[in-house]
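In case you want the letters, here they are:
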Amino acid sequence: MERCNFHNKGYLTSCTFDYLTNTFDNRMFVGTIFTFSYVLPMSLIIYYYSQIVSHVVNHEKALREQAKKMNVDSLRSNQNQANSSVEVRIAKAAITVCFLFVASWTPYAVLALIGAFGDKSLLTPGVTMFPACACKFVACLDPYVYAISHPRYRVELQKRLPWLAITETLPSDTASTTTEATTTNATASS
């Protein structure tokens, strides 16, 4: 059973598993946690997101080729272009969050491997504190990545903070304007 070990985190501010004690059980635990909590999720993230990106790239390429064959600039109407850009933004936000996952958990994984299998003298209090702070920072940053990628949030930022120079336009809602116009015309003719 792993116990809370404050000595592994440089400034003794948080608790983690014991990756410094030189026993077979600790090494087995670190190796298992590294494999199933880092390598396996990282492999799945890389595989699936690379598949998503390749499908988006191939789809865009096919649309451009078809437009070229038809001698038009684009096959999309303005509304479809707006929807496409939303899809691309969502994909970019997901990729950014995945990159942040890699950037935050890789130092922690390396630190645990060094502690269990490497030269423990490399693990100073400052060095062991960096991965913990990186993980906490990214956990706080993820919601902002999603928020900034949302068009309505960006429009609101544009209104409230014009010095950021955000140029965002929301697609017009043609269905609601048509309904309003029809309702107004029907009321006026009655």
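Bear in mind that the values here come from a model prediction, so they are computed numbers and not experimental data. (Residues numbered from 1 in each chain as written. Predicted model: local features only at pLDDT ≥ 70, side-chain atom pairs only at ≥ 80, totals over all residues. Heavy atoms only, no water.)

Peer 1: What is the right way to read the overall build of the protein from this model?
Peer 2: Looking only at helices and strands, the protein features 5 helices and 0 strands. Counting from the amino terminus, the protein carries its helices and strands in the arrangement α-α-α-α-α. Across the 190 residues in the protein, those meeting the buried criterion constitute 24%. A separation of at least 24 residues holds for 54% of the contacts in the protein among residues at least 6 apart in sequence. Within the structure as shown, the protein displays about 13200 Å² of accessible surface, and the carbon and sulfur contribution to it stands at 64%. (Helix = DSSP H or I, 4+ residues; strand = E, 2+ residues; numbered from the N terminus. Buried < 20%, exposed > 50% of the residue type's maximum accessible area, 1.4 Å probe, protein only. Contact = heavy atoms within 4.5 Å. Areas by Shrake-Rupley, 256 points an atom, 1.4 Å probe, with all protein chains shown as cover.)

Peer 1: Would you take a moment to explain the UniProt feature "transmembrane region" (unreviewed entry) in the protein for this structure?
Peer 2: Cross-referencing UniProt, the feature "transmembrane region" (unreviewed entry) maps to residues 28-49, 93-117 and 129-149 in the present numbering. Annotated as 100% helix and 0% strand, the span residues 28-49 places its first and last C-alpha atoms 30 Å apart. (UniProt positions renumbered as here; feature names shortened; annotations may be inferred.)

Peer 1: Whenever I open this one, a nonpolar patch on the surface confuses me. Can you help?
Peer 2: On the surface, F36, L40, L44, Y47 and Y48 cluster together into a nonpolar patch covering about 550 Å² of accessible area. If you trace the backbone, Y48 turns up in helix α1 (residues 24-69). (Patch = residues over 30% accessible without salt bridge, like charges linked within 9 Å, V, L, I, M, F, W, Y side chains within 5 Å. Salt bridge = Lys/Arg side-chain N within 4 Å of Asp/Glu carboxyl O.)

Peer 1: I tried to follow the pattern of salt bridges on my own but got confused; where do I start?
Peer 2: Oppositely charged side chains are able to pair whenever their charged atoms sit close together. Enumeration according to the criterion identifies 2 salt bridges in this entry. In this structure, the salt-bridge partner of E156 is K159, at a minimum N-O distance of 3.9 Å. One end of the pair is E156 and the other is K159, both in helix α4 (residues 151-160) and 3 residues apart, which spans about a single turn. Overall, K159 belongs to the exposed group, its relative accessible area being 59%. Two residues, R160 and E156, come together in a salt bridge whose shortest N-O distance is 2.8 Å. Pair noted here: R160 and E156 are both in helix α4, with a separation of 4 residues, about one helical turn. We classify R160 as exposed; its relative accessible area is 64%.

Peer 1: Quick question: what am I supposed to make of the nonpolar core here?
Peer 2: If you look at the biggest cluster of nonpolar residues, it comprises 6 residues: Y19, V30, L111, A112, A116 and L123. When residues of this core are assigned to their parent elements, the largest contribution, 3 residues, is made by helix α2 (residues 78-117). In this structure, A93, V97, L100 and V145 belong to the second largest nonpolar core, which totals 5 residues. (Core = buried A, V, L, I, M, F, W, Y, C linked by side-chain atoms within 4.5 Å.)

Peer 1: Please clarify how the environment of H150 should be interpreted in this entry.
Peer 2: Here H150 shows up in the loop between α3 (125-149) and α4. A relative accessible area of 40% places H150 in the partly exposed class. Spatially, the C-alpha atoms of H150 and A93 are 9.2 Å apart, while their sequence positions differ by 57 residues.

Peer 1: What's the story with α3 in this structure? I'm lost.
Peer 2: Helical geometry: 3.6 residues make up each α-helical turn, so side chains three or four residues apart lie on a common side. In this model, α3 (25 residues) spans 37 Å end to end at C-alpha, consistent with the 36 Å of a helix rising 1.5 Å per residue. The sharpest bend along α3 reaches about 30 degrees and sits at L141, with the proline P143 one to four residues further on. (Expected span 1.5 Å × (residues − 1). Bend = angle between axes of the 7 residues up to and from the residue.)

Peer 1: Could you clarify how one ought to interpret the packing of aromatic side chains in this entry?
Peer 2: The description of an aromatic ring pair uses the distance of the two centres, along with the angle that the planes make with each other. One pass over the full model with this rule turns up 3 aromatic pairs. Relative to Y48, the ring of Y47 lies with its centre 5.0 Å away and its plane at 75 degrees, an arrangement referred to as edge-to-face. (Phe/Tyr/Trp six-rings, centres within 6.5 Å; stacked < 30°, edge-to-face > 60°.)

Peer 1: Looking at this model, I keep getting lost on α4. Mind explaining?
Peer 2: Looking only at α4, the buried set comprises P151, V155 and L157. What you see down the axis of α4 is that its buried residues fit within an arc of 160 degrees, all on one side. Among the exposed residues of α4, those pointing more than 90 degrees away from its buried face are R152, K159 and R160. (Arc of directions from axis to C-beta.)

Peer 1: Explanation requested: the side chain of T128 in the structure shown.
Peer 2: Position of T128 relative to the elements: it lies in helix α3. At a separation of 3.1 Å, a polar atom in the side chain of T128 contacts the main-chain carbonyl oxygen of P125. (Polar contact = N/O pair within 3.5 Å; in protein donor to acceptor, adjacent residues only side chain to side chain.)

Peer 1: It is not clear to me how the side chain of S104 should be interpreted in this structure. Could you clarify?
Peer 2: By the secondary structure assignment, S104 is in helix α2. The class of S104 is buried, set by a relative accessible area of 1%. For S104, the side chain forms a polar contact with the main-chain oxygen of F101, separated by 3.2 Å.

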